[in-house]
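# Chain and residue survey
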Amino acid sequence: MLRRIYEVAEEYGITVVYVNEAYTSSKCPIHGEVCGSRVKRGLFKCTRLNKVFNADLVGAYNILITPSPRGIGVMGRRPGPGLNPRNGGM
Ligand SMILES: [Zn+2]
């Protein structure tokens with residue numbers, strides 16, 4: 001499946017960046033820190049805000065904002081305003 005994603009992305013000129021998913025759902029999507037934990041299977045709770053998030057979405061979001069090791073920014077795009085809510089964007 002990864003090979004197919006790479007092939008299709010290449011066809012459209014999209015750079016694929018592989019990100020290790022380990023621990024991506026244990027970091028708060030709002031604060032970017034480990035200020036919460038999984039409270040139930042599939043749920044992450046930020047203890048500062050007392051808010052609960054779907055853990056899979058938290059993981060996907062954290063993968064989305066993981067900078068590329070090759071310095072091409074997040075999601076294979078050049079960094080720009082609106083891509084990272086932690087720096088005032090979005
Ligand atoms: Zn938090």
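Coordinates for the structure precede this section.
Residues numbered from 1 in each chain as written. Predicted model: local features only at pLDDT ≥ 70, side-chain atom pairs only at ≥ 80, totals over all residues. Heavy atoms only, no water.

The next thing to look at is the overall build of the chain. Secondary structure summary: the chain contains two helices and three strands in total. Going from the N terminus to the C terminus, the chain shows its helices and strands as α-β-β-β-α. Among the 90 residues that make up the chain, the fraction classed as buried is 23%. Long-range contacts, defined as pairs at least 24 residues apart, comprise 31% of the intrachain contacts of the chain with a sequence gap of at least 6. Approximately 6800 Å² of the chain is accessible, and the part contributed by carbon and sulfur atoms is 55%. (Helix = DSSP H or I, 4+ residues; strand = E, 2+ residues; numbered from the N terminus. Buried < 20%, exposed > 50% of the residue type's maximum accessible area, 1.4 Å probe, protein only. Contact = heavy atoms within 4.5 Å. Areas by Shrake-Rupley, 256 points an atom, 1.4 Å probe, with all protein chains shown as cover.)

This part covers the coordination of the zinc ion. The zinc ion binds to the protein through Cys-28 (SG), His-31 (ND1), Cys-35 (SG) and Cys-46 (SG), with metal-donor distances spanning 2.0 to 2.3 Å. Given four donor atoms and angles of 105 to 115 degrees at the metal, the environment of the zinc ion is assigned as tetrahedral. When the donor residues of the zinc ion are listed from N- to C-terminus, their spacing reads C-x2-H-x3-C-x10-C. With Cys-28 in the loop between helix 1 (2-11) and strand 1 (36-40) and Cys-46 in strand 2 (residues 43-46), this pair connects stretches of sequence that are 18 residues apart. A single burial state applies to Cys-28 and to Cys-46, both of which are buried. (Donors = N, O, S within 2.8 Å, 3.2 Å for Na, K, Ca; no water. Tetrahedral: all angles 85-135°; square planar, octahedral: opposite > 155°, others 65-115°.)

It is worth spelling out the pairing of strand 2 at this point. Residues Phe-44 and Cys-46 of strand 2 are buried on one face, while the alternating residues Leu-43 and Lys-45, pointing to the opposite face, are not. Where strand 1 folds back onto strand 2 in an antiparallel hairpin, the turn is made up of two residues, including Gly-42, whose phi is positive at roughly 90 degrees. With four bridges connecting them, strand 2 and strand 3 (residues 51-54) associate as antiparallel partners. Opposite Cys-46, over in strand 3, you have Lys-51 as the bridge partner. Here strand 2 folds back onto strand 3, and the loop between the two strands holds four residues, one of which, Asn-50, carries a positive phi near 60 degrees. (Pairing = 2+ DSSP bridges.)

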